[in-house]
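Each chain, letter by letter, is given below.
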There are 2 protein chains.
Amino acid sequence: MDILGDIRRIVSDENVLTGDARGDRSAVWGTGQPCRAKALVRPRSTDEVSRIMRLAFAAGQTIVPYGGVTNLVHGCTTTPADIALSFEKMNRIEDIDGVQQTMIAESGVTLLEAQQSAERANLFFPVDIGARATCMVGGNVSSNAGGTRVIRHGMMRDSVLGLEAVLADGTVISSMNRFLKNNSGFDLKQLFIGTEGVLGLVTRIVFRLDVQSKTHHVALVACRDYDNVQSVLMAAREQMGAMLCGFEVMWDNFYDEVVVPRGRLAAPISADYPFYVLIEAMGSSVGTDSDAFEAALTCMFDAALLEDGVIAKSDAEREAIWAIRHEVEWVVRDALVFDVSLPVRQVNDYINIIRGKISAAVSDAHVAVFGHLGDNNIHVSVLTDDRSDATASCVKNHVYESLRPFGGAISAEHGVGLEKRPYLGVSRSAAEIELMRTLKRALDPRNILNPGKVIALA
Amino acid sequence: MDILGDIRRIVSDENVLTGDARGDRSAVWGTGQPCRAKALVRPRSTDEVSRIMRLAFAAGQTIVPYGGVTNLVHGCTTTPADIALSFEKMNRIEDIDGVQQTMIAESGVTLLEAQQSAERANLFFPVDIGARATCMVGGNVSSNAGGTRVIRHGMMRDSVLGLEAVLADGTVISSMNRFLKNNSGFDLKQLFIGTEGVLGLVTRIVFRLDVQSKTHHVALVACRDYDNVQSVLMAAREQMGAMLCGFEVMWDNFYDEVVVPRGRLAAPISADYPFYVLIEAMGSSVGTDSDAFEAALTCMFDAALLEDGVIAKSDAEREAIWAIRHEVEWVVRDALVFDVSLPVRQVNDYINIIRGKISAAVSDAHVAVFGHLGDNNIHVSVLTDDRSDATASCVKNHVYESLRPFGGAISAEHGVGLEKRPYLGVSRSAAEIELMRTLKRALDPRNILNPGKVIALA
């Protein structure tokens, strides 16, 4: 049975790529690992996706959804038996409604395009992540993308009002809700947010937009110990309220890597402290937000929570402070990187434990840590010249297994894919994983949608 | 087989109520319709709920969950074949964590108790609804409760980080996540939020708390037309940003009913205008929020959006303004009440259509309307002396069927229960309803959990 021939008749010849034509599309971000699928198909509408899935369901053909393929968990890995279904031709922003504060977009729109379109309509697209220029909003929804603004705006889930998805058998579930309040039956969109394409293919989305902020404040402060970092977090929430939109903690081992002499950037404050915090606030009151931001920081100084600090006084200074945090791209260039969540109180205890274990196991290991502490999310980078699989496996085990006593999460924002699947049991019970399987079997009985990602079927 | 005997051994005799003992518990809020279940059982822990469900699953025994039973959609209706499972003995607040900003509570905690406990810890429980003293947080989660603060804090779904639920077969799904970011596998809690107890019984919840606001501002303004109401909403969002936490629109027919001479309250501003808006803002900047709030209103006056307005200058004045909106309890005392969502732009067109249709069909009908317009939710009250079933049915049909051209929702916040089930197809497609059934069959194959609510199985 020639399923590709049938698919060609649906999407046209030019949208079925085989051999070299699909070769420039990577399957694992940053690795150059090629797409191994027997073909990459590019439907142009929900209806075409539905017709492809009807054929795939009948044939038992496995389908791997392709957005921007920027995930870090091998969520789009293909085999030669798979067909990759790319959303790159479904890239229209259908509507932006300023009164309703909604955007309707197809899944193949890049995050950057969504952000810029919102801005042109004097509105604000809440989610932002580093891969913005490449990643697609459908993938952001399917992986429930996070980023640096979660403390204020939530994960991608919180910005999705409605969506349209195609089930394994081709059924179109159109739940294009536009309302903040809608309790008319089960909230079916939740099935497709953060489930990495294993329960259905998201084709269109209704996003909730916000107003643009009028003021933007950034400070970099240093703390002498982790207790003070926690107190600064509480003070920032208490005094800045909903203005607070970023709370990025950098451990000394991260800051050291980034500023001269080890790193590339000038240090706005001395590199002698154990903790650095980037505090970001945005507001709507042009006349008064600046005073409120400075007053909050003054309170923290007066309470002896801060050792040092600097408030950005211009766009350039704001960018210079953020550049330190964004140097993560440089820090992790060759590192083993991890994305975990822990209770705020216990983050530093956990860091100390894994530093000890990893140092004992890998003599040259340098463990650099930063995190969106306000939302529990810590990124751990382990740098070592030892590139053996055994070492990588040993480090992974220490990072994940050490989460158990704290009830930590193996994935804060990156998802599970294939890469974290072996460790899912660290964070989820057998009953939970079995319920995930129950859902998978109910919605995808032939196991053709992104098979093997997140969970394995028995 | 004596399932009640087995259940007595699990929960003790005193927690299995039959006959008159369970008679003071109503099955439908405000109607006095009695609980008809053959028994009301009161487990004291998740484990007891699990053991009861194992028995029920084996016996095919139907179970109707009882929280505060304040829902308005016949979501707890029982038959003599059912057992009502009440959470009233599971009323402990297990933990409040000020750093993590979380509360862990059992399902039987009343909303008021949760709010007050948060307040004692200098934190804020985001959800508030009129039934706060009676309703229980487990029911609020199961029905995804809304209220007046949704524009700022979201629905109950947005305040739930994790939960524990018992499946139909007694399996305990403990997903007590405490993190803002956690993408470690499917977000299973979503299955149990807003599904009205038909997929599982919520026993414990991790709530996300917020900081307490330090400032509180309320204004009542009048507009000459609906275009201006929309412009006021946009201006309030634009200028107040995240401070905006309430935007309650009252149509003249509601305001008329409430203020003298027709109503009981003094009118803070003349009753001659077609639209009234209560605008509420809360913030964290004691020194400056008041100026920001007044500046925003001044802009609206200067832009000629407002005909009249008053800003509350004291707690008493704030309460007096809110009292007008809260007089809904009096307005709807004998009314047919409806809870729908529509796109902001089209709300008034819809209101005019149903006013016309209802007036034509029921000569003495008075249609009073108010709504949380910022979150699309409109409450329609139809007052008439004609109490016939035929009239009620006719009014219902006009209210729900008129939603179709606007893509409106038959339930914004109240849920579906038995009462709105016949109209679910107005707002949801056949494919969506079938997917709801697929989930129900997968999780509750014997159809024993709150059977018949939300959806009927074929």
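Residues numbered from 1 in each chain as written. Chains lettered and ligands numbered in written order. Predicted model: local features only at pLDDT ≥ 70, side-chain atom pairs only at ≥ 80, totals over all residues. Heavy atoms only, no water.

S.K.: Is there a simple way to think about the interface of chain A and chain B in this case?
M.R.: When the parts of a complex come together, some accessible area is lost, and that lost area is often taken as the interface size. Taken together, the contact between chain A and chain B spans 86 residues of the former and 86 residues of the latter. The three residues of chain A that bury the most area against chain B are K181, N183 and F186 of chain A, which together make up 15% of that side's buried surface. Taken together, the links from chain A to chain B amount to 8 salt bridges. Among the ionic pairs, D187 of chain A bridges to R157 of chain B, the shortest N-O distance being 3.4 Å. At the junction of chain A with chain B, the criterion picks out 54 residue pairs in polar contact (both at pLDDT 80 or more). Breaking the side of chain A that touches chain B down by element, the ones donating at least two residues are helix 5 (150-153), strand 11 (172-175), helix 6 (226-240), helix 13 (424-427) and helix 14 (430-443) of chain A. (Contact = heavy atoms within 4.5 Å. Buried area = accessible area lost by both parts, 1.4 Å probe. Salt bridge = Lys/Arg side-chain N within 4 Å of Asp/Glu carboxyl O. Polar contact = N/O pair within 3.5 Å; in protein donor to acceptor, adjacent residues only side chain to side chain. Helix = DSSP H or I, 4+ residues; strand = E, 2+ residues; numbered from the N terminus.)

S.K.: I tried to follow the sheet that holds strand 18 (residues 336-341) of chain A on my own but got confused; where do I start?
M.R.: Think of a sheet as strands paired side by side through backbone hydrogen bonds, with each pair either parallel or antiparallel. Residues and elements named next belong to chain A. As summarised here, the arrangement of the 7 strands in space is 17-14-16-15-19-20-18, forming an open sheet in which the pairing is antiparallel. If you trace the sheet from one side to the other, it starts and ends with strand 17 (308-311) and strand 18, each paired once. Neighbouring strand axes in the sheet, compared pairwise and without regard to direction, differ in orientation by 15° on average. Sheet topology places strand 14 (residues 215-223) next to strand 16 (residues 275-283); 9 bridges connect them, and they run antiparallel. Bridge pairing in strand 16 links V221 to V277. Helix 6 contacts strand 14, strand 15 (244-251) and strand 16 of the sheet and is inclined by roughly 170° relative to strand 15. (Pairing = 2+ DSSP bridges. Axes fitted to C-alpha atoms, helices over the stretch in contact; angles between N-to-C directions.)

S.K.: When you look at helix 14 of chain A in this model, what are you seeing that I'm missing?
M.R.: Three or four residues apart is the spacing at which side chains of an α-helix point the same way, because the helix has 3.6 residues per turn. Residue and element names in this part refer to chain A. With 14 residues, helix 14 extends 20 Å from end C-alpha to end C-alpha; this agrees with the ideal 20 Å at 1.5 Å per step. Where helix 14 is concerned, the buried positions are E432, I433, L435, M436, L439, K440 and L443. Projected down its long axis, helix 14 carries its buried residues within an arc of 155°, all on one side. (Expected span 1.5 Å × (residues − 1). Buried < 20%, exposed > 50% of the residue type's maximum accessible area, 1.4 Å probe, protein only. Arc of directions from axis to C-beta.)

S.K.: Sorry if this is basic, but what is going on with the nonpolar core here?
M.R.: The nonpolar side chains of a soluble globular protein tend to be buried with one another. Of all hydrophobic cores here, the largest spans 184 residues; its most connected members are F125, F247 and I279 of chain A together with F125, F247 and I279 of chain B. Once residues lying within four places of it in the same chain are set aside, the contact partners of F125 of chain A are M103, L111, A114, Q115, A118, V137, R149, M156, F207 and L209 of chain A. In terms of nonpolar packing, the next biggest core, distinct from the first, is built from 23 residues, V259, I269, V331 and A335 of chain B among them. (Core = buried A, V, L, I, M, F, W, Y, C linked by side-chain atoms within 4.5 Å.)

S.K.: I tried to follow the relation of the copies chain A and chain B on my own but got confused; where do I start?
M.R.: Copy one and copy two of the chain differ by a rotation about a common axis and a shift along it. Placing chain A over chain B gives an RMSD of 0.0 Å and needs a rotation angle of 180°, together with 0.0 Å of translation along the axis. Classification of the inter-copy transformation places it as that of a two-fold axis. Of the interface residues in chain A, 100% have counterparts in chain B that sit at the interface too, so the contact is made through matching surfaces. (Least-squares fit on C-alpha atoms with pLDDT ≥ 70 in both.)

S.K.: How should I be thinking about the sheet that holds strand 1 (residues 16-17) of chain A in this particular structure?
M.R.: Residues and elements named next belong to chain A. Read from one edge of the open sheet, 4 strands run 1-4-6-5, paired in mixed fashion. If you trace the sheet from one side to the other, it starts and ends with strand 1 and strand 5 (63-66), each paired once. The sheet contact formed by strand 4 (residues 39-41) and strand 6 (residues 83-86) spans 3 bridges and is parallel. The residue bridging L40 from the neighbouring strand is A84, located in strand 6.

S.K.: Mind showing me how you'd approach the packing of aromatic side chains here?
M.R.: Aromatic ring pairs are described here by two measures, namely the spacing of the ring centres and the angle between the planes. Residue and element names in this part refer to chain A. Tallied over the full model, the rule gives 20 aromatic pairs over all chains. Where Y226 meets F275, the ring centres are 5.8 Å apart and the plane angle is 50°; that geometry is what we call tilted. Here F275 lies in strand 16 and Y226 lies in helix 6, a separation of 49 residues in the sequence. Comparing Y226 with F275 shows no difference in burial state: the two are buried. (Phe/Tyr/Trp six-rings, centres within 6.5 Å; stacked < 30°, edge-to-face > 60°.)

S.K.: Please explain the packing of helix 1 (residues 3-11) of chain B against helix 2 (residues 46-59) of chain B as it appears in this structure.
M.R.: Pairs of packed helices are described in terms of their axes, by the angle between the two and the distance that separates them. All names here are of chain B. Between helix 1 and helix 2, the least distance of the axes is 10 Å, while the angle of their chain directions is 165°. Classified by the angle their axes make, helix 1 and helix 2 are roughly antiparallel. Relative to helix 2, the crossing made by helix 1 is right-handed. Within the contact between the two elements, helix 1 uses I3, D6, I7, I10 and V11 and helix 2 uses E48, R51, I52, L55, A56 and A59. A breakdown of the residues in the contact of helix 1 with helix 2 according to their chemical character gives 8 nonpolar, no polar and 3 charged. (Parallel < 35°, antiparallel > 145°, perpendicular 65-115°, else oblique. Left-handed = near helix turned anticlockwise from the far one by under 90°. Nonpolar A, V, L, I, M, F, W, Y, C, P; charged D, E, K, R; others polar.)

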